[in-house]
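# Architecture and fold: a report
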Amino acid sequence: MQLNIYKDYDTLSQNAAAEIIELVNFKPNAVLCLAAGDTPRLTYTLMAERAKHKKTDFTRCTFIGLDEWVGIAPGNEGSCHFFLQTNIFKPLDISPEQIHLFNALSEDLIQECEAMDKLIFEKGGIDLMLVGVGMNGHIGFNEPRVSIDNYSHVVNLDDVSQSVGQKYFKQATTLKKGITLGLKHLLEVRKVLLIANGFKKSEVIKKALEGEISEDMPASVVRMHEQGLVMLDEEAASLLEKK
Ligand code: F6R
C-alpha cells in the first residue's frame, strides 16, 4: 500500500481524478467501481469536465455499484444510485447497459448479491475501485467486524452509519440495512484508491493506517492490497505519526 498526502481537498481530488483518467486512457473498457458520498464529489466533477471537453472517453467503461441503502428507491436523492446518476453517469454520458447497480428494492436481496458477484466475475474483475471511509471505518457498507471473506452481502447498518447517513437525505429516513460489495472484492480488484479529507476523518484514518489490520476497522484492510493507494488531504492525515 502507498500513502499520498496532498495539501488540500482540491489537490487530492485532482490526483484521484488523474488516477482514474490515466487508467481509462490506457484501458478504455475498464471496469470501475466508484463510491458515492461527499468525499469523491469533486473527483467526479473533474472527470466530468474532462469528458465534456472530450479529453477522455468514459463511455466504454463498465460501472459497478459499490453499495446501496436497502429499501431506498433509486429516485430518492439520498440513494447512492441517485448520486452516481447525477454526478457520474449523466455528466459522463454513460449508457444504461454500462451501469450495474444493486437493486435495493428487490424482494430477493441474496439473489441480487449472487447476480452482482457473477457479473463481476464475467467481466473479468474490477480494474479500479474508489472508496471513501465512514466515520466508523466502514468501506462501502462493510461495517466493523465484517468478515474479509465476504463478497456481496446484506448488512445491518450500525448506529454510526444510520445516523451519519442522514446527511444525504432531505428528511429523516430509516436506514437499517445496506447491500454492498465485500472486502473480498476489495482485495481482488486490480487497484484500490481510498480517499479521505478533513479533520473529521483524521481519527478513523489514524486507526485504519496505524492501528492493527483488523475486521474491527474495515478500512485497515486496504493495507493488505499491494496496489492500494491511500490519498489524504493534510487535515485527514493530521494525526498520523508516520507520514
Ligand atoms: C458510499 C460508501 C460509503 C462512503 C463513506 C464516506 O457509496 O460506500 O462507504 O464512502 O460513508 O462517506 P462520505 O464521503 O460522505 O464521508
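First things first, this report covers the structure right here in the doc.

Basis of the calculations
- Residues numbered from 1 in each chain as written.
- Predicted model: local features only at pLDDT ≥ 70, side-chain atom pairs only at ≥ 80, totals over all residues.
- Heavy atoms only, no water.
- Helix = DSSP H or I, 4+ residues; strand = E, 2+ residues; numbered from the N terminus.
- Rg over C-alpha atoms; globule rule 2.2 N^0.38 Å.
- Buried < 20%, exposed > 50% of the residue type's maximum accessible area, 1.4 Å probe, protein only.
- Contact = heavy atoms within 4.5 Å.
- Areas by Shrake-Rupley, 256 points an atom, 1.4 Å probe, with all protein chains shown as cover.
- Lys, Arg positive; Asp, Glu negative; His and termini not counted.
- Charge placed at Lys NZ, Arg CZ, Asp CG, Glu CD.
- Pairing = 2+ DSSP bridges.
- Axes fitted to C-alpha atoms, helices over the stretch in contact; angles between N-to-C directions.
- Near = heavy atom within 4 Å.
- Polar contact = N/O pair within 3.5 Å; in protein donor to acceptor, adjacent residues only side chain to side chain.
- 1 Å grid on protein atoms, 1.4 Å probe; cavity = no way out; pocket = protein on both sides within 12 Å on 5 of 7 lines; lining within 4 Å.
- Sits in = over half its atoms within 2 Å of the grid points.
- Nonpolar A, V, L, I, M, F, W, Y, C, P; charged D, E, K, R; others polar.
- Points joined across faces, edges and corners; volume = space filled by probe spheres on them.
- Core = buried A, V, L, I, M, F, W, Y, C linked by side-chain atoms within 4.5 Å.

Counting its regular elements, the protein chain contains seven helices and 10 strands. Expected size for 243 residues packed as a compact globule is a radius of gyration near 18 Å; at 17 Å, the protein chain falls within 12% of this value. On the principal axes, the C-alpha backbone points of the protein chain span a range of 45 × 40 × 35 Å. Burial statistics for the protein chain: of 243 residues in total, 53% are counted as buried. In the protein chain, of all internal contacts separated by at least 6 residues, the share reaching a separation of at least 24 is 79%. Counting every atom, the protein chain has about 11,400 Å² of accessible surface; 49% of that belongs to carbon and sulfur. Averaging the coordinates of the 26 positive side-chain charges in the protein chain and doing the same for the 34 negative ones gives two points 4 Å apart.

Strand order in the open sheet formed by seven strands is β1-β10-β9-β6-β2-β3-β5, with parallel pairing between adjacent strands. Every other strand in the sheet has two partners, leaving β1 (2-6) and β5 (99-100) as the edge strands with one partner each. As defined by bridge partners, β1 adjoins strand β10 (residues 228-233) across five bridges and the pair is classed as parallel. Paired with Asn-4 across the strands is Met-231, a residue of β10. Running over the sheet, helix α1 (residues 9-26) touches β1, β2 (31-34), β6 (128-131), β9 (191-196) and β10 and is turned about 155 degrees from β10.

Below, the discussion takes up the site of the ligand. Close to the ligand lie 15 residues; Thr-39, Asp-67, His-138, Tyr-168 and Lys-201 are nearest. For the ligand, an oxygen atom lies 2.4 Å from a polar atom in the side chain of Thr-39. Isolated, the ligand exposes 410 Å² of accessible area, and the fraction of that covered by the protein chains is 94%. For the ligand, the cavity whose grid points lie within 2 Å of the majority of its atoms is the largest pocket. Here the residues of the shell around the ligand sort into five nonpolar, six polar and four charged.

Below, the discussion takes up the layout of surface pockets. Taken as a whole, the largest pocket spans an internal volume of roughly 580 Å³. Taken together, 35 residues form the lining of the largest pocket, with Ala-36, Gly-37, Asp-38, His-138 and Tyr-168 sitting closest to its centre. Breaking the lining of the largest pocket down by element, the ones donating at least two residues are β4 (67-69), α3 (80-89) and α5 (159-164). In this structure, the second largest pocket encloses a volume near 150 Å³. If you trace the second largest pocket, you find it lined by Asp-117, Ile-120, Phe-121, Gly-125, Ile-126, Tyr-151, His-185, Glu-188 and Val-189. Secondary structure elements with two or more residues in the lining of the second largest pocket: α4 (109-122) and α6 (183-188). At three residues, the largest contribution of residues to the lining of the second largest pocket is made by α4. Counted by class, the lining of the second largest pocket contains five nonpolar, two polar and two charged residues.

Attention now goes to the nonpolar core. Residues Ile-64, Ile-126, Met-129, Leu-181, Leu-194, Ile-205 and Leu-232 are the most contacted members of the largest nonpolar core, which totals 39 residues. Secondary-structure elements contributing two or more residues to this core are β2, α4, β6, α6, β9, α7 (202-210) and β10. Here this core takes five residues from α4, the largest share from any one element. Setting aside residues no more than four positions away along its own chain, Leu-232 makes contact with Leu-3, Asn-4, Ile-5, Tyr-6, Leu-12, Ala-196, Ile-205, Leu-209, Ala-237 and Leu-240. Counting 32 residues, the second-largest nonpolar core is a separate cluster that includes Ala-16, Phe-58, Phe-63 and Leu-101.

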